[in-house]
Amino acid sequence: MHDAPPVVRTVISTPDAPAAIGPYSQGIVVSGGRTLYTAGQIPLDPQTMQIVDGDVRVQAERVMHNLAAVLRAAGMDFGNVVRCGIFLKDMKDFAAVNEVYGRHFGDHRPARSTVAVATLPKDVLVEIDAIAVG
């Protein structure tokens, strides 16, 4: 058996997205700087670190801005995303979140899973994470 080369991990951090509120990074780039794994983004305003006021559309919009900031910090954008995971507090919000999500991705259609969960951090309505390749 051959020894595998060590995995090189680069932490991605930007003040344009909420600071990590636990023992994790906003994003990690691996594979020679080609693959980015983002942390799940929730609707925290990065300046105030408070949840944005509003319905699921308002929250989803903030989540997408936070996700875009992490992608930018890694030198990528939504066109680099190959997969997303969407976590909803209530599946009744699927259409509203889908509309916001679709507007940000345009014609680019990464693979995606959407699930309803019992609860999300800080009791938000939506969380989204992504895998992108540069």
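Shown above is the structure to which this text applies.
Residues numbered from 1 in each chain as written. Predicted model: local features only at pLDDT ≥ 70, side-chain atom pairs only at ≥ 80, totals over all residues. Heavy atoms only, no water.

Caption draft 1: Molecular detail of helix H2 (residues 94-105). Along its 12 residues, H2 runs 16 Å from first to last C-alpha, staying within 8% of the 16 Å computed at 1.5 Å per residue. For H2, every residue scored as buried is listed here: Ala96, Val97, Val100, Tyr101 and Phe105. Burial along H2 is one-sided: seen end-on, the buried residues are contained in an arc of 160°. Elements that come into contact with the buried residues of H2 comprise helix H1 (56-73), strand E4 (81-88), strand E5 (111-116) and strand E6 (126-133). (Helix = DSSP H or I, 4+ residues; strand = E, 2+ residues; numbered from the N terminus. Expected span 1.5 Å × (residues − 1). Buried < 20%, exposed > 50% of the residue type's maximum accessible area, 1.4 Å probe, protein only. Arc of directions from axis to C-beta. Contact = heavy atoms within 4.5 Å.)

Caption draft 2: The environment of Val29, seen in detail. Locating Val29 in the fold gives a position in strand E2 (residues 27-30). Classification of Val29 as buried rests on a relative accessible area of 7%. For the pair Val29 and Asp45, spaced 16 residues apart in sequence, the C-alpha separation works out to 24 Å. Apart from the residues lying within four places of it in its own chain, the contact partners of Val29 are Val8, Arg9, Thr10, Ile12, Arg34, Thr35, Leu36 and Ala74.

Caption draft 3: Focus on the pattern of salt bridges. Enumeration according to the criterion identifies four salt bridges in this entry. When the shortest N-O distance is used, the salt bridge between Arg103 and Glu61 registers 3.1 Å. Here Arg103, found in helix H2, pairs with Glu61, found in helix H1; they are 42 residues apart in sequence, far enough to count as distant. Its salt-bridge partner being Glu99, residue Arg103 comes within 3.2 Å of it at the nearest N-O pair. Here Glu99 and Arg103 lie together in helix H2, a separation of four residues that amounts to about one turn. Overlapping salt bridges, with partners in common, bring together Glu61, Glu99 and Arg103 in one network. (Salt bridge = Lys/Arg side-chain N within 4 Å of Asp/Glu carboxyl O.)

Caption draft 4: Quick look at the nonpolar core. Core analysis: the biggest nonpolar cluster contains 28 residues, and Leu71, Phe78, Val81, Val126 and Ile128 have the highest contact counts within it. Put simply, the parts of the chain that give this core at least two residues each are H1, E4, H2 and E6. The leading source of residues in this core is H1, at nine residues. When residues no more than four places from it in sequence are discounted, the contact partners of Leu71 are Leu36, Met76, Asp77, Phe78, Val81 and Ala132. (Core = buried A, V, L, I, M, F, W, Y, C linked by side-chain atoms within 4.5 Å.)

Caption draft 5: Structural context of unusual backbone geometry. If you check the backbone angles, Met49 has positive phi at about 55° while not being a glycine. Summarising the element assignment, Met49 is placed in the loop between strand E3 (35-38) and H1. Assessed through its relative accessible area of 27%, Met49 is described here as partly exposed. At Asp123, a residue that is not glycine, the phi angle is positive and equals roughly 60°. With respect to the secondary-structure elements, Asp123 resides in the loop between E5 and E6. A relative accessible area of 45% places Asp123 in the partly exposed class.

Caption draft 6: A look at the packing of aromatic side chains. Scanning the entire structure with this criterion turns up two aromatic pairs. In textbook terms, an aromatic cluster arises when at least three aromatic residues are bridged by ring pairs, as seen for Phe78, Tyr101 and Phe105. When the ring centre of Tyr101 is taken as origin, the NZ or CZ atom of Arg112, which lies over that ring, is 4.6 Å away. (Phe/Tyr/Trp six-rings, centres within 6.5 Å; stacked < 30°, edge-to-face > 60°. Lys NZ or Arg CZ within 6 Å of the ring centre and 35° of its normal.)

Caption draft 7: Structural detail: the sheet that holds E5. Here we have six strands laid out as an open sheet, ordered E1-E2-E3-E6-E4-E5, and mixed in their pairing. Edge positions in the open sheet fall to strand E1 (10-12) and E5, since each of these has one partner strand only. Across the sheet, the mean angle separating the axes of adjacent strands is 15° when strand polarity is ignored. Two strands pair when backbone bridges link them, and E4 and E6 are joined in this way by seven bridges, in the antiparallel orientation. For Gly85, the partnering residue across the bridge sits in E6 and is Asp129. (Pairing = 2+ DSSP bridges. Axes fitted to C-alpha atoms, helices over the stretch in contact; angles between N-to-C directions.)

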